[in-house]
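# Descriptive analysis of the structure
Below are the chains, spelled out letter by letter.
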Amino acid sequence: MIVMKFGGTSVESAAAIKRVTAIVRARIERQPVVVVSAMGKTTNKLLAMAAEAVEGKRESALEQLRALREYHIAEAESLLAPEQSQEFATLIHDHFGELGQLISGLAIMGELTPRSIDNISSYGERLSSRIVTLAFRAAGLDAVHADSRRLILTDRRHTQAAPMYPETYARLDAEVAPLARAGKVVVMGGFIGASEDGVTTTLGRGGSDLTAAIVGAGIGAEEIQIWTDVDGMMTADPNSVPEAHRLKVISFSEAAELAYFGAKVLHPATVLPAMEKNIPVLILNSRRPEVPGTRIIREAVPSANPVKSIACKKHITVVNIHSTRMLMAHGFLRRIFEVFDRYETAVDVVSTSEVSVSATIDSTRRLDEIRAELEQFAQVWVEHNRAIVCVVGDNIRYTPGIGARVLSALGPVNLLMISQGGSQWNLSVVVAEVDVLQAVRLLHNEFFRELDPAVFE
Ligand code: ADP
Ligand code: ASP
Ligand code: MG
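In this report, we go over the structure that sits alongside the text. (Residues numbered from 1 in each chain as written. Chains lettered and ligands numbered in written order. Predicted model: local features only at pLDDT ≥ 70, side-chain atom pairs only at ≥ 80, totals over all residues. Heavy atoms only, no water.)

All right, on to the nonpolar core then. If you look at soluble globular proteins, the nonpolar side chains tend to sit buried side by side. Ranked by internal contacts, the top residues of the largest apolar core, which has 78 residues, are Met 188, Ile 219, Met 233 and Leu 266. Here this core takes seven residues from helix 9 (residues 208-219), the largest share from any one element. If you look at the next biggest cluster of nonpolar residues, it comprises 47 residues, including Ile 2, Phe 88, Ala 143 and Leu 284. (Core = buried A, V, L, I, M, F, W, Y, C linked by side-chain atoms within 4.5 Å. Buried < 20%, exposed > 50% of the residue type's maximum accessible area, 1.4 Å probe, protein only. Helix = DSSP H or I, 4+ residues; strand = E, 2+ residues; numbered from the N terminus.)

The environment of ligand 1 is formed by 16 residues, the closest being Thr 228, Met 234, Asp 237, Asn 239 and Lys 264. The separation between a nitrogen atom of ligand 1 and a polar main-chain atom of Met 234 is 2.9 Å. Val 265 places a main-chain nitrogen or oxygen 3.3 Å from an oxygen atom of ligand 1. Relative to its free-state accessible area of 570 Å², ligand 1 is covered by the protein chains to the extent of 88%. Its residues placed into classes, the shell around ligand 1 shows seven nonpolar, five polar and four charged. (Near = heavy atom within 4 Å. Polar contact = N/O pair within 3.5 Å; in protein donor to acceptor, adjacent residues only side chain to side chain. Areas by Shrake-Rupley, 256 points an atom, 1.4 Å probe, with all protein chains shown as cover. Nonpolar A, V, L, I, M, F, W, Y, C, P; charged D, E, K, R; others polar.)

Ser 37, Ala 38, Thr 43, Glu 125, Phe 191, Arg 205, Gly 206, Gly 207 and Ser 208 make up every residue found near ligand 2. In this structure, an oxygen atom belonging to ligand 2 sits 3.1 Å away from a side-chain N or O atom of Ser 37. Contact with the protein chains hides 86% of the accessible area of ligand 2, taken as 260 Å² for the molecule alone. Grouping the amino acids of the shell around ligand 2 by side-chain chemistry returns two nonpolar, five polar and two charged.

What follows covers the packing of helix 2 (residues 42-54) against helix 3 (residues 58-77). Orientation of helix 2 relative to helix 3, taken along the N-to-C sense of each, is 160 degrees, at an axis distance of 8 Å. Taken together, helix 2 and helix 3 sit at an angle that is classed as roughly antiparallel. For the element pair helix 2 and helix 3, the recorded crossing hand is left-handed. Across from Thr 42, Lys 45, Leu 46, Ala 48, Met 49, Glu 52 and Ala 53 in helix 2, the residues of helix 3 making contact are Ser 60, Ala 61, Gln 64, Leu 65, Leu 68, Tyr 71 and His 72. The residue inventory of the contact of helix 2 with helix 3, partitioned by class, reads eight nonpolar, four polar and two charged. (Axes fitted to C-alpha atoms, helices over the stretch in contact; angles between N-to-C directions. Parallel < 35°, antiparallel > 145°, perpendicular 65-115°, else oblique. Left-handed = near helix turned anticlockwise from the far one by under 90°. Contact = heavy atoms within 4.5 Å.)

All right, on to the environment of Glu 369 then. Considering the arrangement of structural elements, one finds Glu 369 in helix 13 (residues 367-374). Look at Glu 369 and you get partly exposed, because its relative accessible area is 34%. One polar contact links Glu 369 to Arg 366, side chain to side chain, over a distance of 3.1 Å.

The full count for this structure, using the stated rule, is 29 salt bridges. Among the salt bridges present, the one from Arg 30 reaches Glu 223, with a minimum N-O distance of 3.2 Å. With Arg 30 in the loop between helix 1 (14-26) and strand 2 (32-36) and Glu 223 in strand 7 (residues 223-228), this residue pair connects regions lying 193 residues apart in the sequence. The salt bridge involving Glu 175 is made with Arg 150; its shortest N-O contact spans 3.2 Å. Of this pair, Glu 175 sits in helix 7 (residues 165-175) while Arg 150 sits in helix 6 (residues 148-151), and the two are 25 residues apart along the sequence. Given a relative accessible area of 47%, Arg 150 falls into the partly exposed group. What you see here is one network of salt bridges that share partners, running through Arg 30, Glu 222, Glu 223 and Arg 295. (Salt bridge = Lys/Arg side-chain N within 4 Å of Asp/Glu carboxyl O.)

Side chains Thr 294 and Ile 296 of strand 10 (residues 294-297) all project onto a buried face; the interleaved residues Arg 295 and Ile 297 project onto a face where none is buried. Here strand 8 (residues 249-251) runs beside strand 10; their pairing, made up of three bridges, is parallel. Within strand 10, the residue paired with Val 249 across the bridge is Arg 295. Bridge count for strand 9 (residues 281-285) against strand 10 is three bridges, and the pairing is antiparallel. Residue pairing across strands places Ile 283 opposite Thr 294, the latter belonging to strand 10. (Pairing = 2+ DSSP bridges.)

Right, here's the structure in full:
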């Protein structure tokens, strides 16, 4: 068995879904289980209309909903067989009817809770998974739909729910694996799940990758394939560095680090279930299925290039904390990190001297409270619009001279923080957001002028 996950662009249109059908058909012998994202930008659109509705712009939200309905009908119609038209009409009627009611309800309530965000955003995958199932059947594949909300059990942290692994694995093993073994193509929506009491949850933006990994681990798949719109994991985001090269192979730990530090091609939690069960993850291009993609496996292949890829994460805030009272006093760092911990705010990059600490955070949701507490024992100043740029590779820590090369390559860029990451795979710098593109390009030019053919294409 294999898991094949198709992202938003891979199912954005009738033509894209036809490509997906052909890709799955060509691998039918491997007993695929298919996980799909919402079609195109549907999740963004659903969230945008929810936001309009709570602002009282009910008509405008409903107008957007009508456009979304037309888009789904227009793309799906040409894929279906005549005898499926009634089933499809009911599907559209029911799902968009419910969405209309939700939008109207939000307009009256004027409040958007995390729970209702999850409810609304779940419709993208609920629709796409049903449409892809119909399209597969129309094309002669023996496809069945499985509702992820019955299979992926999560906690109740709406919009960022964490899977409850043992129970989810048990359900997948009992319900999905037997169907796949019997030759059925099971199609599931990514991103969505439900809490124990049956309330719909989501795994966070980009979470369909994680669904694929959970399904793969749950059914004991031999491979997890992430089909997307690029040729694989590249030496930098090809959108900012068009000359980026494909990595043929990369380790789980390197891929996890890259994903965490902004390589959107993979949701950061994806690697964990795969790593635990030692299932290789492949990143492949649904527009160019003949390209071999990137294989993510347990051990890094030895490479003459210590740096494998460069990632960056924007919209970062730096919290600078300074206290001369703390000179020679112990417990300064503990006190600081306790504050971040209490307000459930993750810190990524840290640099310290004896009397000052700089820490980067992603989420500023609780910044005011954090700042107020820190100010009880230190001076605090905050810098917004920063970015983390990091070079990642298994051997960075053990290769002399990487730091010097990073610093000299970044000569023209003002560096705000430097950190040899907490892990051995990463060296990070913090720069102003306006400098991030230049920084990534300079580093790319420094580290990928020569490529080891064992690892890079
Ligand atoms: P999907 O909808 O298939 O899940 P995403 O948009 O989530 O696709 O992820 C694919 C995108 O990730 C690519 O279009 C690319 O711009 C971006 N990306 C960022 N960093 C990298 C990288 N190192 N390698 C490949 N793609 C990357
Ligand atoms: N549709 C969801 C999102 O846009 C999940 C995903 O695509 O992975 O975030
Ligand atoms: Mg994605």
